[in-house]
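So the chains spell out like this:
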Amino acid sequence: MESTSTWQAFLRLFRVARPPKGLFIGAVLISLLQAMASLAIPLILQRVVDNWSEAALDARLVAIFVAAFLIQVVSSAISIYWLHIVGQRVVANLRTTLWEHLVALPIPFYDSVKSGDLVSRLNNDTTTLQQLLSEQSVRLLTSFVLGHRRRRNLVHA
């Protein structure tokens, strides 16, 4: 039961943060492309090593290897850049929402709470949430995909 409430809280936080959905989905898809390209590289090298001879070294195989490497590098760079933009917008949205809430609180609330503590929490917590929502959630997804594919490759090897 606690797991359900944790996911509900996470989804509610995601809605409050209002990340740019198109950019976030694009970054997730690009990250998956990067994960798949990183899986292709060892498979290509396996073929090269298993069939090693200068005569068997095919220019097409080398081109596929270079293309997979370039896809991995470029997609990783794009994903990191887009996730950085998503993260900055998440922080801005959360800070705006929290600031509006703090301004709306009654004045006696500030008699019992130090304003420095509130500002510190506002800055630190939103930065932590930015990393969770924009970077770690995508990293979790790509790690799951990579782990699943690697396990599958080990079983079928």
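Preceding this section is the structure that the text describes.
Conventions and cut-offs
Residues numbered from 1 in each chain as written. Predicted model: local features only at pLDDT ≥ 70, side-chain atom pairs only at ≥ 80, totals over all residues. Heavy atoms only, no water. Salt bridge = Lys/Arg side-chain N within 4 Å of Asp/Glu carboxyl O. Helix = DSSP H or I, 4+ residues; strand = E, 2+ residues; numbered from the N terminus. Buried < 20%, exposed > 50% of the residue type's maximum accessible area, 1.4 Å probe, protein only. Expected span 1.5 Å × (residues − 1).

Enquirer: I would appreciate a short explanation of the pattern of salt bridges in the present structure.
Expert: Opposite charge on two side chains permits them to pair, given that their charged atoms come into close proximity. Enumeration over the complete set of coordinates arrives at one salt bridge. Between R121 and D125 there is a salt bridge; the shortest N-O distance is 3.0 Å. With R121 and D125 both in helix α5 (residues 115-156) and four residues apart, this pair spans about one turn of that helix. On the basis of relative accessibility, which here comes to 55%, the residue R121 falls in the exposed class. Given a relative accessible area of 33%, D125 falls into the partly exposed group.

Enquirer: Teacher, can you tell me more about helix α2 (residues 21-50) here?
Expert: An α-helical segment advances 3.6 residues per turn. Residues three or four places apart therefore align on the same side. Between the first and last C-alpha of α2 there are 44 Å, a value that for 30 residues agrees with the 44 Å anticipated at 1.5 Å per step. Residues F24, G26, A27, V28, S31, A35, A37, S38, L39, I41, I44 and V48 constitute the buried set of α2.

Enquirer: Is there a simple way to think about the environment of H84 in this case?
Expert: Mapped onto the elements, H84 comes out in helix α3 (residues 59-104). Judged by its relative accessible area of 43%, H84 falls in the partly exposed class. Counting along the chain gives 46 residues from H84 to Q130, while the straight-line C-alpha distance between them is 9.2 Å.

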